[in-house]
Amino acid sequence: MFYQVLKYIVIGPLLRLFFRPRIEGLEHVPEEGAAIVAGNHLSFSDHFLMPAILKRRITFLAKAEYFTGPGVKGRLTAAFFRGIGQIPVDRSGKEAGQAAIREGLNVLARGELLGIYPEGTRSHDGRLYKGKVGVAVMAIRAQVPVVPCAMVGTFEIQPPGQVVPRIRRVTIRFGEPLDFSRYAGMDNQKAAVRAVTDEIMYAILGLSGQEYVDEYAAAAKAARTGQDDRPGKFPKTRRRRRIRAR
């Protein structure tokens, strides 16, 4: 109920009014049945814009930090993400990744739409980064189509550090569903899941027109800024200071 109120009464109409999203290829999103929508991730605004324009409800795997923030802002953020049915994902290790896959498969088993950002985190510079293989494991294991999606212009309206989005028009573009039935039973084979993931990222690239970087976004961000948003990881600057102190 809360999801419907936000989408059709509160947030949805405001997003359409201010950002006037151009929507391309919406017919590629199945009207019923399980499917994965895999998109690029440029901005915090992505969490709101894509669900607002889809005809069906979509459940995203959202990073656990959105549910554990301190203070009033943290509680409000957690309440919002829980209210719209988003699933917290612990990104702290391999076992956590397996738990996220299980949660995603549960969504697909119910015949619903699952949203995922294969890059694993927002792009810090507007480029498209290497995809993580969880999306491929779920697609192969659940035998569902993957609809590539490109958010275009959301980095410009709300780049990292921008709290209030700029009012500009954005484009949300969906591609034809990708069928990976030929990989049935190969979800434990590294070469297979890497090939599927790369095919998904290539489809997103074709829709977005971004520059592609064959490196994981979190690692690239850490190398460039000295900051690492992965749980349990220290910023590089802090690590260097500790070494000097010894």
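So, here's what we can say about the structure.

Basis of the calculations
- Residues numbered from 1 in each chain as written.
- Predicted model: local features only at pLDDT ≥ 70, side-chain atom pairs only at ≥ 80, totals over all residues.
- Heavy atoms only, no water.
- Pairing = 2+ DSSP bridges.
- Helix = DSSP H or I, 4+ residues; strand = E, 2+ residues; numbered from the N terminus.
- Axes fitted to C-alpha atoms, helices over the stretch in contact; angles between N-to-C directions.
- Core = buried A, V, L, I, M, F, W, Y, C linked by side-chain atoms within 4.5 Å.
- Buried < 20%, exposed > 50% of the residue type's maximum accessible area, 1.4 Å probe, protein only.
- Contact = heavy atoms within 4.5 Å.
- Salt bridge = Lys/Arg side-chain N within 4 Å of Asp/Glu carboxyl O.

## Things to note about the sheet that holds strand 5 (residues 113-116)
Overall, mixed pairing links the seven strands, which are arranged 1-8-7-2-5-3-4 in an open sheet. The outermost strands of the open sheet, each flanked by one partner alone, are strand 1 (22-24) and strand 4 (87-89). The mean angle between the axes of side-by-side strands here comes to 25°, regardless of whether they run parallel or antiparallel. Alignment of strand 7 (residues 146-152) against strand 8 (residues 171-174), held across four bridges, turns out to be antiparallel.

## Notes on the nonpolar core
Within the largest apolar cluster, 32 residues are counted, with the highest numbers of intra-cluster contacts made by Ile36, Leu108, Met138, Val146, Phe180 and Ile200. Mapped by element, the contributors of at least two residues to this core are strand 2 (35-39), strand 4, helix 4 (94-109), strand 5, helix 5 (134-142) and helix 7 (190-208). The dominant element in this core, judged by the number of residues it contributes, is helix 7, at seven residues. With residues near it in sequence (within four places) discarded, valine 146 still touches Ile36, Ala38, Ala139, Glu176, Pro177, Leu178, Phe180 and Ile200.

## Topic: helix 2 (residues 46-53)
In terms of burial, helix 2 is largely enclosed, as seven of its eight residues are buried. Taken residue by residue, helix 2 has Asp46, His47, Leu49, Met50, Pro51, Ala52 and Ile53 as its buried positions.

## Topic: the environment of glutamate 199
Mapping glutamate 199 onto the fold places it in helix 7. Residues glutamate 199 and phenylalanine 180, spaced 19 residues apart in sequence, show a C-alpha to C-alpha distance of 9.9 Å. Apart from residues no more than four positions distant in its own chain, glutamate 199 is found in contact with Leu178, Phe180 and Arg182.

## Quick look at the pattern of salt bridges
A full pass over the atoms with the stated rule returns seven salt bridges. With a closest N to O distance of 2.9 Å, aspartate 187 and arginine 141 form a salt bridge. Taken as a pair, aspartate 187 in the loop between strand 8 and helix 7 and arginine 141 in helix 5 lie far apart in primary sequence, 46 residues in all. Residue classification places arginine 141 among the partly exposed residues on the basis of a relative accessible area of 38%. Where glutamate 199 meets arginine 182, a salt bridge forms, and the shortest distance between an N and an O atom there is 2.8 Å. Note that glutamate 199 is positioned in helix 7 and arginine 182 in the loop between strand 8 and helix 7, a separation of 17 residues in sequence. For glutamate 199, a relative accessible area of 29% puts it in the partly exposed group. Taken together, the salt bridges that share partners define one network made up of Asp125, Arg127 and Glu211.

## Regarding the pairing of strand 8
In terms of strand pairing, strand 1 meets strand 8 through three bridges, oriented parallel. Residue pairing across strands places isoleucine 23 opposite isoleucine 172, the latter belonging to strand 8.

So far we have only geometry, and geometry alone does not tell us how the molecule works.
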